[in-house]
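Given next are the chains, with one letter for each unit.
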Number of protein chains: 6
Amino acid sequence: MKNSRGFYIGRFQPFHYGHLKALNWILEREREVIIGIGSAQFSHTLRNPFTLSERVEMVWRVVKKRDLTSRVIIMGLPDTDEQHSMWVSLIKSYVPKFDRAYTNDSLSRVLLKEAGIEVSNIPFFERNKYEATKIRRLIIDGGNWEELVPPEVAEVIKEVKGVERLRALAGRDS
Amino acid sequence: MKNSRGFYIGRFQPFHYGHLKALNWILEREREVIIGIGSAQFSHTLRNPFTLSERVEMVWRVVKKRDLTSRVIIMGLPDTDEQHSMWVSLIKSYVPKFDRAYTNDSLSRVLLKEAGIEVSNIPFFERNKYEATKIRRLIIDGGNWEELVPPEVAEVIKEVKGVERLRALAGRDS
Amino acid sequence: MKNSRGFYIGRFQPFHYGHLKALNWILEREREVIIGIGSAQFSHTLRNPFTLSERVEMVWRVVKKRDLTSRVIIMGLPDTDEQHSMWVSLIKSYVPKFDRAYTNDSLSRVLLKEAGIEVSNIPFFERNKYEATKIRRLIIDGGNWEELVPPEVAEVIKEVKGVERLRALAGRDS
Amino acid sequence: MKNSRGFYIGRFQPFHYGHLKALNWILEREREVIIGIGSAQFSHTLRNPFTLSERVEMVWRVVKKRDLTSRVIIMGLPDTDEQHSMWVSLIKSYVPKFDRAYTNDSLSRVLLKEAGIEVSNIPFFERNKYEATKIRRLIIDGGNWEELVPPEVAEVIKEVKGVERLRALAGRDS
Amino acid sequence: MKNSRGFYIGRFQPFHYGHLKALNWILEREREVIIGIGSAQFSHTLRNPFTLSERVEMVWRVVKKRDLTSRVIIMGLPDTDEQHSMWVSLIKSYVPKFDRAYTNDSLSRVLLKEAGIEVSNIPFFERNKYEATKIRRLIIDGGNWEELVPPEVAEVIKEVKGVERLRALAGRDS
Amino acid sequence: MKNSRGFYIGRFQPFHYGHLKALNWILEREREVIIGIGSAQFSHTLRNPFTLSERVEMVWRVVKKRDLTSRVIIMGLPDTDEQHSMWVSLIKSYVPKFDRAYTNDSLSRVLLKEAGIEVSNIPFFERNKYEATKIRRLIIDGGNWEELVPPEVAEVIKEVKGVERLRALAGRDS
């Protein structure tokens, strides 16, 4: 773990407690972690409701609150428009050097491994509870989503009127 | 200054002592600073020799060494392919909210001001000495560039064989 | 209504009587109307069969025939490749200033409202009758589509061999 | 001239009296004219200071004031990023059918002619006086630019604070 | 057939015996054949698993083995991001002149015909047996795919670890 | 040289005797050669007058005439819009595997070497005589350019009316 660096990839729509547990688990294994916020250029859809700006704010507040800023680098990563063979190259030119990538996504795993990069799975932490798709659904339906995300994330979602946005995108204008 | 946030824009090719002095000057005025590394997608030219990866590494080490990680957010910002009217929109969707932008670049100033964003000039700190174009020239010519950048930056430039790269790009292969 | 300007957004694939009724309704409320023809770059699919060229021609003939050219500005608007946060910025840099946007599309409404732009719904005019998806289906199936569009539009569709195109795209080559 | 249509191409940065004279000259030869505003996506540079939005506004007011709206179609045309072989294709899919193109630009003429489109030169009208580069220079230098553009154009330039923009872009902030 | 040239379009994911039979059938009709490998920029999906590099290698080895290199030109063709009206223009600027296009794809046929290009259907050769979607499915499921492609293609698929890639993309990591 | 493959990169605007001599020199060292035609998407400028279509035709005829089709693979390679760090990745996903790259271009050499690819210089063959810039200049000026390119290339240039195109682009319309 001496000076080792992990690269944790996700879309974080939004960043929830499952992500935080994963981050802590990685921080037990690596000295520093680069959090790569993927699909950086997308927002305002049911699947990708939050802008990169908003997602960086979520992660930043979570990390700062827990005094982890000296160990966590936050980066936005645009998608390569379905040109998957270019994605690893984009990672290499955007992201500071790292020792291991952490992701459970099939495509990312294939691409990183073919490029000779070490990839590790992340254990799921109560996946049936902490799952972004489910949380977005709860936000739209007026369910109990707040307890599934760190308080800093709930704060950001409210500040940017994320509940109203998601409900409007779902055609649930009041 | 309570909770205020500044946005400091540059290309940082490379990050030198002039940039560090500017950063410190801004940190006296703002609680937090977002360092926006512009022209993120460019590299391997005489004007933009270093990748975003390498520039993030430079800034990160400088910031970490000086115990500033809890006050500095580092972000890569792609250019908008000459479509300047889209640039502020890109900033807004990529960069967490800020109170003031710091830049001396004419175009950035015009675009930010037209969008109603407060813009502040940055005082120059021995500009004739600390100037990125000049430093890149010194690297190519084998001059005394190391004393013009923080030691962490010199370290990164050597690790990525930046001297060889710049000399080769200038047609000075040995 | 003095000098007020509305912005009416649609894909107009094709421009039908429902659109014309909406346009007239808006013209009762605004001095001028900018008709924004969206998804400008797309064509030759079942959903977007007509090129921008063809759609501008349709709208132009309809508007000219009804002596409305001094009150209607026609504009093509490319999509922003799923980068929705950039769309309002594109609108602002492409479309002359307006006072109110008219659209029933959820996503457009969210984006425009978040940018502080006034948005108005458009009443539906016999929506079960005048609906573009249905009209395109009728064209493919050889149904009675001509009575659902202004005669100028039917004329353009025939001139560009739009019926043949739609049927061929649907795999119904004769 | 019966029902004939011309296609008049320019960047119109800004639209000046030379352009207006050319437009009138074309209108003597064609029933309708499509004004194609090129480099649509560019703005905020010394060469392309005005957005498409602003240029459409200029042309619209000029055309409306002279009661020409029933004979003039205004269109924005994005550049094809140096992929010149695609440009005619873009024209064909964006611009309603026309009989003749009017332009003095070498590249446009080559591309249009190779595609079998008839191209006509436009006579210059006091070119040493009415020339966009010169007018932009006068705006920056505080010279007598207003008499070189129709009053409607001067009005738009002032409304969008175009003088301030150009001077700031030129590094002449006050 | 004297000096005539055909243009045979496909994605060739992978190149199978049905393609080879089609190629031979075209070579009976044309002096030379340009094989256009479409969707050149895509790879690493279940639908487009192989890179252009790998597909060119497949076709090259098949063509070389059969002593056809003097009659076959291989070309990669990027898609035009749903901007179908630009596709024929891309073909014209990328692909050497040809007399006839060979394709059974509805969209390609529409686009080529509207541009005045002669298009010919290709007879299907045991389509229920030789079909790329089915072959990709067999690769994932561990079925008998090898006999459906020329031995040179099977060789390339194994060299690039295509079986492992497809199975991993399908979420069938071992 | 057993089964070895070289990758020869150039823009070939146009393909001249210097290129042919280089190709022959490489063919003495490699079993097969991939000719990568760079800046594939550009054309109709003084620097890049010929489309990829035309350049493939030139190289194909030269190669075919000399019975080299079984040893030469021709490929078009689009530029990566100044995103140089992505270029090697594009090469890898477009170009079949090779053992050595042949180029004298500084930037290409830097990028390929940093990616661990072997790069070889090409000896110049009467460079003051065979040089594309000079040949394009001679075409414009009506000089003796034909003897500097293989007859097949001269043939293509005349078929596509390349002389007229270059002269027109240079503002030398007759």
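Residues numbered from 1 in each chain as written. Chains lettered and ligands numbered in written order. Predicted model: local features only at pLDDT ≥ 70, side-chain atom pairs only at ≥ 80, totals over all residues. Heavy atoms only, no water.

Chemist: I would appreciate a short explanation of the relation of the copies chain B and chain D in the present structure.
Modeler: Here two copies of a chain appear, and what relates them is a rotation about an axis with a shift along it. Mapping chain B onto chain D calls for a rotation angle of 120 degrees and an axial translation of 0.0 Å; the resulting RMSD is 0.0 Å. Put plainly, the chains are arranged around a three-fold axis. Among all residues of chain B, the minimum C-alpha distance to the rotation axis is found for Asp81 of chain B, at 5.3 Å. (Least-squares fit on C-alpha atoms with pLDDT ≥ 70 in both.)

Chemist: I'm lost on the interface of chain A and chain B in this one. Help?
Modeler: You'll often see interface size given as the accessible area lost when the parts meet. The interface is formed by 25 residues belonging to chain A together with 25 residues belonging to chain B. Summing both partners gives a buried area of about 2,000 Å² for chain A against chain B, and 55% of it is carried by carbon and sulfur. On the chain A side of the contact with chain B, Ser53, Trp60 and Tyr94 of chain A bury the most area, a combined 27% of that side's loss. In this structure, the connection of chain A to chain B is made through 4 salt bridges. Residue Arg5 of chain B pairs with Glu57 of chain A through a salt bridge whose shortest N-O separation is 2.8 Å. At the boundary of chain A and chain B, one finds 18 residue pairs in polar contact (both at pLDDT 80 or more). If you list the elements that add at least two residues to the side of chain A that touches chain B, you get helix H2 (52–65), strand S3 (72–76) and helix H3 (87–94) of chain A. It is H2 of chain A that provides the largest number of residues to the side of chain A that touches chain B, a total of 6 residues. Each residue belonging to the side of chain A that touches chain B can be placed in one class, and the counts come to 12 nonpolar, 6 polar and 7 charged. (Contact = heavy atoms within 4.5 Å. Buried area = accessible area lost by both parts, 1.4 Å probe. Salt bridge = Lys/Arg side-chain N within 4 Å of Asp/Glu carboxyl O. Polar contact = N/O pair within 3.5 Å; in protein donor to acceptor, adjacent residues only side chain to side chain. Helix = DSSP H or I, 4+ residues; strand = E, 2+ residues; numbered from the N terminus. Nonpolar A, V, L, I, M, F, W, Y, C, P; charged D, E, K, R; others polar.)

Chemist: Would you explain the packing of aromatic side chains in this entry?
Modeler: Pairs of aromatic rings are described using the distance from one ring centre to the other and the angle between the two planes. Applying the stated rule across the entire model yields 30 aromatic pairs over all chains. Judged by centre distance (5.4 Å) and plane angle (40 degrees), the rings of Phe12 of chain A and Phe15 of chain A are tilted. Neither Phe12 of chain A nor Phe15 of chain A differs from the other in exposure class; each is buried. With a centroid separation of 5.4 Å and 80 degrees between ring planes, the pair formed by Tyr8 of chain E and Phe12 of chain E is classed as edge-to-face. With respect to burial, Tyr8 of chain E and Phe12 of chain E carry one shared label: buried. These aromatic residues form a ring-pair network of at least three members: Tyr8, Phe12 and Phe15 of chain A. (Phe/Tyr/Trp six-rings, centres within 6.5 Å; stacked < 30°, edge-to-face > 60°. Buried < 20%, exposed > 50% of the residue type's maximum accessible area, 1.4 Å probe, protein only.)

Chemist: Is there a simple way to think about a negative patch on the surface in this case?
Modeler: On the surface, Asp81 and Glu82 of chain A, Asp79, Asp81 and Glu82 of chain C together with Asp79, Asp81 and Glu82 of chain E cluster together into a negatively charged patch. With respect to the element layout, Asp81 of chain C can be found in the loop between strand S3 (72–76) and helix H3 (87–94). Among the residues examined, Asp81 of chain C registers a relative accessible area of 48% and is labelled partly exposed. (Patch = residues over 30% accessible without salt bridge, like charges linked within 9 Å, V, L, I, M, F, W, Y side chains within 5 Å. Areas by Shrake-Rupley, 256 points an atom, 1.4 Å probe, with all protein chains shown as cover. Lys, Arg positive; Asp, Glu negative; His and termini not counted. Charge placed at Lys NZ, Arg CZ, Asp CG, Glu CD.)

Chemist: Explanation requested: the packing of helix H5 (residues 132–141) of chain D against helix H7 (residues 162–169) of chain D in the structure shown.
Modeler: Between two packed helices, the angle of one axis relative to the other and the distance separating the axes together describe the packing. Residue and element names in this part refer to chain D. Contact geometry of H5 with H7 gives a least axis separation of 8 Å together with a crossing angle of 90 degrees. Considering their axes alone, H5 and H7 lie roughly perpendicular with respect to each other. Along its contact with H5, which presents Arg136, Ile139, Ile140 and Asp141, the element H7 presents Val163, Leu166 and Arg167. The class makeup of the residues in the contact of H5 with H7 is 4 nonpolar, no polar and 3 charged. (Axes fitted to C-alpha atoms, helices over the stretch in contact; angles between N-to-C directions. Parallel < 35°, antiparallel > 145°, perpendicular 65-115°, else oblique.)

Chemist: Before we go on, may I ask you to explain the sheet that holds strand S5 (residues 119–120) of chain E in this structure?
Modeler: Adjacent strands of a sheet form backbone hydrogen bonds with each other and so pair up, either parallel or antiparallel. The 5 strands lie next to each other as S3-S2-S1-S4-S5 (chain E), forming an open sheet whose pairing is parallel. Only two strands of the sheet have a single partner each, and these edge strands are strand S3 (72–76) and S5 of chain E. Lying on the sheet, helix H2 (residues 52–65) of chain F is in contact with strand S1 (5–10), strand S2 (32–37) and S3 of chain E; it crosses S3 of chain E at an angle near 150 degrees. (Pairing = 2+ DSSP bridges.)

Chemist: Would you take a moment to explain the interface of chain B and chain D for this structure?
Modeler: Counting from both sides, the interface comprises 12 residues of chain B and, opposite them, 11 residues of chain D. Taking both partners together, chain B and chain D bury about 860 Å²; carbon and sulfur atoms supply 58% of that area. Remark: the boundary between chain B and chain D carries 1 salt bridge. Where Arg165 of chain D meets Glu114 of chain B, a salt bridge forms, and the shortest distance between an N and an O atom there is 2.6 Å. Run the count over chain B and chain D and you get 2 residue pairs in polar contact (both at pLDDT 80 or more). Classifying every residue of the side of chain B that touches chain D by side-chain character gives 3 nonpolar, 4 polar and 5 charged.

Chemist: Got a minute to help me understand helix H1 (residues 17–27) of chain D in this structure?
Modeler: Count 3.6 residues to each turn of an α-helix, and residues three or four apart come out pointing the same way. Residues and elements named next belong to chain D. In terms of residue burial, H1 counts as a mostly covered element, since 8 of its 11 residues are buried. Residues Gly18, His19, Leu20, Ala22, Leu23, Trp25, Ile26 and Leu27 constitute the buried set of H1. For H1, the secondary structure elements touched by its buried residues are strand S1 (5–10), strand S2 (32–37), helix H2 (52–65), strand S4 (100–102) and strand S5 (119–120).

Chemist: Can you walk me through the relation of the copies chain A and chain B in this structure?
Modeler: For the match of chain A to chain B, the screw axis carries a shift of 0.0 Å, the RMSD comes to 0.0 Å, and the turn is 180 degrees. In the structure described here, the two chain copies are related by an operation that fits a two-fold rotation axis. Among all residues of chain A, the minimum C-alpha distance to the rotation axis is found for Thr69 of chain A, at 2.7 Å. Of all interface residues in chain A, 100% are interface residues in chain B too; the two copies therefore contact each other through one and the same surface.

Chemist: Any chance you could explain the side chain of Glu152 of chain C here in plain terms?
Modeler: Residue and element names in this part refer to chain C. With respect to the helices, strands and loops of the structure, Glu152 is situated in helix H6 (residues 151–159). On the basis of relative accessible area, Glu152 is assigned to the buried category, the value being 9%. For Glu152, the side chain forms a polar contact with the side chain of Arg66, separated by 3.4 Å. When near neighbours in sequence (up to four residues on either side) are disregarded, Glu152 contacts Arg61, Val62, Lys65 and Arg66.

Chemist: Got a minute to help me understand the sheet that holds strand S1 (residues 5–10) of chain F in this structure?
Modeler: Residue and element names in this part refer to chain F. In space, the 5 strands of this open sheet follow the order S3-S2-S1-S4-S5, with parallel pairing throughout. The open sheet has two free edges, formed respectively by strand S3 (72–76) and strand S5 (119–120), since each of these has just one partner strand. One ladder, built from 2 bridges, connects strand S4 (residues 100–102) with S5; its direction is parallel. Residue pairing in the sheet places Ala101 in a bridge with Val119 of S5.

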